[in-house]
Amino acid sequence: MKRWVISAVVVLLLGAVAYGFLSRKSTSGTSYRFVAVEKGDLESVVSATGALSAVKTVQVGTQISGLISRLNVDFNDKVTAGQVVAQLDTTLLDTAVRDAEATLERNQAQLRQAERDYARIKTLHEQGISPDADFNTVQYNLDVARASVKSAEAAMARARQNLAYATITAPVSGTVVERDVDVGQTVAASLSAPKLFLIANDLSEMQILAAVDESDIGQIKEGQAVRFTVKTYQDRKFTGTVKQVRLQSTTDQNVVNYTVVVAVANPDGKLLPGMTATVEFVVASAKDVFKVPNAALRFRPSDAVVAEVRTRLQKERAARMQAGEGGPNGALGIPGGEPGSARAGAGGMGDIGGRSGFAGNGGRQANGNGRPREMTVLYFLDKDGKITGMPVRSGITDGQYTEVRGRDLEAGLQVIAGATQATQATTSNPFQATPGGERRGPPGGF
């Protein structure tokens, strides 16, 4: 009986201790979400979409009207320059050639007669027998006959050329990507040459016409590296090079875009004309640098925590200065102070902007990409479990991670990316869930 009473007392004491611990945890305040500082490569890219096309395409048409009597090629066929690809009906064209030949023969006969008359009248005129009027007449007839022959020769050449146009040949070597006519169809070339085929000159070399927003076009340069994917090969990355940034702009729904031509090699023929390409222009890259998720750069603690961190860093700076370790940037701890960089002010924290030099982004420096490199602060817990800050300078970003540079950065450092604030429990039952509220940081802090 005595043992049972002692056991019950022990159980009650342990329960009270556990309850007290849980109560303190629920009212102790803030719990943090951490992310790690990583080291690796980083790229800043501009995304766009475009369509694949052959570098050179030629429309094959006809200069004369007629009936399609034969087609020698079809979609995807390979052709060589000069190869016959289609034939028009030549019945009327052959007739026109024979008529032109007959007209030429008649005019040549008239010319010969005019030459004989001219020779006869000229002899009589020289002897003084034929009057000047007769001589002038035969000379005029001779000139007209010669002109008629030239006209007939031109008409015959035109008729023969039209007959030659009935045989349609490929102007370049390549692949037939379009065929717009069928056998038996009549084509009319009265106003413009109708298109029969579209031939892509060389599909081993292609291009992408990508539409880039005006806010990003300044970062695109000729010779820049490009990555892209197409829907049919989602897990494969293709590469290309910026060939041209066209000055002509287009406006669609009040959005101004510029066309960027990307040269693409297609040795295996996987890429086809018309495919939609999702393009990434590599505008900046960094190798083997420290990087953190963007949420860590957006996290901002309360004013009280900022004041506490500032006081602690001031003391650390004073200690370093006494030990002869103070850098040109004072409490910032940023090595190698750059011209125009944010330096320590009278308060010892430097004019970085925001709350006491921690809450905002401050001194802006141009990075290798031409974009401002900003001062900001990463927060973490020290060895005593107290929140502290590390001033860093940010660099390029890929939208998820951002390059950071700082004095004490190291891979694996756990920095704060978000916080949750617990509230006072409203029940006395230690085994019942405690309702709580949540305090979040600025938008995007998680």
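First, a word on scope: everything that follows refers to the structure included in this document. (Residues numbered from 1 in each chain as written. Predicted model: local features only at pLDDT ≥ 70, side-chain atom pairs only at ≥ 80, totals over all residues. Heavy atoms only, no water.)

## Here we look at the overall build of the chain
Then, in step 1: When you go through the chain residue by residue, the secondary structure sums to five helices and 20 strands.
Then, in step 2: Taking all 446 residues of the chain together, 36% fall into the buried category.
Then, in step 3: Sequence-distant contacts, at least 24 apart, represent 70% of the contacts inside the chain between residues at least 6 apart.
Then, in step 4: For the chain, the exposed area adds up to about 25300 Å²; of that, 51% sits on carbon and sulfur atoms. (Helix = DSSP H or I, 4+ residues; strand = E, 2+ residues; numbered from the N terminus. Buried < 20%, exposed > 50% of the residue type's maximum accessible area, 1.4 Å probe, protein only. Contact = heavy atoms within 4.5 Å. Areas by Shrake-Rupley, 256 points an atom, 1.4 Å probe, with all protein chains shown as cover.)

## Concerning the packing of aromatic side chains
Then, in step 1: Within this structure, the stated rule accounts for six aromatic pairs.
Then, in step 2: Judged by centre distance (6.4 Å) and plane angle (90°), the rings of Tyr32 and Phe299 are edge-to-face. Of the two residues, Tyr32 sits in strand β1 (residues 30-36) while Phe299 sits in the loop between α4 (294-298) and α5 (303-322), which places them 267 residues apart along the sequence.
Then, in step 3: Exposure remark for Phe299: the relative accessible area of 5% places this residue in the buried category.
Then, in step 4: Here Tyr118 and Phe135 contribute two aromatic rings whose centre-to-centre distance is 5.7 Å and whose plane-to-plane angle is 35°, an arrangement assigned as tilted. One end of the pair, Tyr118, is in helix α2 (residues 91-126); the other, Phe135, is in helix α3 (residues 132-165), with 17 residues separating them in the sequence.
Then, in step 5: A network of ring pairs unites the aromatic residues Tyr32, Phe34, Phe299 and Tyr379 as a single cluster. (Phe/Tyr/Trp six-rings, centres within 6.5 Å; stacked < 30°, edge-to-face > 60°.)

## A few points about the sheet that holds strand β3 (residues 57-61)
Then, in step 1: On the basis of which strands lie adjacent, the open sheet formed by four strands has the order β3-β10-β8-β5 and antiparallel pairing. Edge positions in the sheet fall to β3 and β5 (78-79), since each has one partner strand and no second. (Pairing = 2+ DSSP bridges.)

## Observations concerning α5
Then, in step 1: With 20 residues, α5 extends 29 Å between its outermost C-alpha atoms, agreeing within 8% with the 28 Å of an ideal straight helix rising 1.5 Å per residue.
Then, in step 2: Taken residue by residue, α5 has Val305, Val306, Val309, Arg312, Leu313 and Arg320 as its buried positions. Down the axis, α5 shows its buried residues gathered within 130° of arc, on one side only. Turned more than 90 degrees from where α5 packs its buried face, Asp303, Ala304, Lys315 and Gln322 sit exposed. (Expected span 1.5 Å × (residues − 1). Arc of directions from axis to C-beta.)

## Looking at the sheet that holds strand β9 (residues 186-187)
Backbone hydrogen bonds hold the strands of a sheet together, and the pairing may be parallel or antiparallel.
Then, in step 1: An order of β7-β6-β4-β9 is seen for the four strands of this open sheet, with the pairing classed as antiparallel. Only two strands of the sheet have a single partner each, and these edge strands are β7 (167-169) and β9.
Then, in step 2: Where strand β4 (residues 66-71) meets β9, two bridges bridge the pair, whose relative direction is antiparallel. Across the sheet, residue Gly66 finds its bridge partner in β9, namely Val187.

## Observations regarding the environment of Asn141
Then, in step 1: On the secondary structure map, Asn141 appears in helix α3.
Then, in step 2: On the accessibility criterion, Asn141 (37% relative accessible area) is partly exposed.
Then, in step 3: Placed 27 residues apart in sequence, Asn141 and Ala114 show a C-alpha to C-alpha distance of 6.1 Å.

## Considering the environment of Asn162
Then, in step 1: With respect to the element layout, Asn162 can be found in helix α3.
Then, in step 2: By relative accessible area, which is 26% here, Asn162 ends up partly exposed.
Then, in step 3: Separated by 99 residues in the primary sequence, Asn162 and Gln63 place their C-alpha atoms 8.2 Å from one another.
Then, in step 4: With near-sequence residues (within four places) excluded, Asn162 lies in contact with Ile64 and Leu93.

## What about the nonpolar core?
In a soluble, globular protein the nonpolar side chains are often hidden away together inside.
Then, in step 1: Ranked by internal contacts, the top residues of the largest apolar core, which has 26 residues, are Ile208, Ile220, Phe228 and Phe281.
Then, in step 2: For this core, the elements supplying multiple residues, two or more each, are β2 (38-54), β11 (205-213), β12 (225-230), β13 (233-252), β14 (255-265) and β15 (276-293).
Then, in step 3: Membership of the second largest hydrophobic core comes to 20 residues, among which are Ile68, Leu88, Ala166 and Phe197. (Core = buried A, V, L, I, M, F, W, Y, C linked by side-chain atoms within 4.5 Å.)

## Focus on the environment of Val404
Then, in step 1: Tracing the sequence through the fold places Val404 in strand β19 (residues 401-405).
Then, in step 2: Each C-alpha atom, one on Val404 and one on Glu374, is 9.6 Å from the other, the two residues being 30 residues apart in sequence.
Then, in step 3: If near-sequence neighbours (up to four positions away) are discounted, Val404 is found in contact with Phe290, Lys291, Val292, Leu297, Val392, Arg393, Ser394 and Leu409.

## Considering the side chain of Thr175
Then, in step 1: You can see Thr175 is positioned in strand β8 (residues 174-179).
Then, in step 2: For Thr175, the side chain forms a polar contact with the side chain of Lys78, separated by 3.0 Å.
Then, in step 3: Contacts of Thr175, omitting those with residues within four sequence positions, involve Asn76, Asp77, Lys78, Leu198, Ile199, Ala200 and Leu203. (Polar contact = N/O pair within 3.5 Å; in protein donor to acceptor, adjacent residues only side chain to side chain.)

## Some points on the pattern of salt bridges
Then, in step 1: Within this structure, the stated rule accounts for 11 salt bridges.
Then, in step 2: Salt-bridge contacts for Lys237 lead to Glu280; the nearest nitrogen and oxygen are separated by 3.9 Å. In this pair, Lys237 sits in strand β13 while Glu280 sits in strand β15, placing the two residues 43 residues apart along the sequence.
Then, in step 3: Take Lys237: its relative accessible area is 52%, and that puts it in the exposed class.
Then, in step 4: Residues joined by salt bridges that share partners form a network here, namely Glu43, Arg227, Lys237 and Glu280. (Salt bridge = Lys/Arg side-chain N within 4 Å of Asp/Glu carboxyl O.)

## Focus on the pairing of β2
Then, in step 1: Pairing of β2 with β15 involves 13 bridges; the strand directions are antiparallel. Across the sheet, residue Ala51 finds its bridge partner in β15, namely Thr276.

Everything listed here is a matter of coordinates, which is why it stays silent on function.
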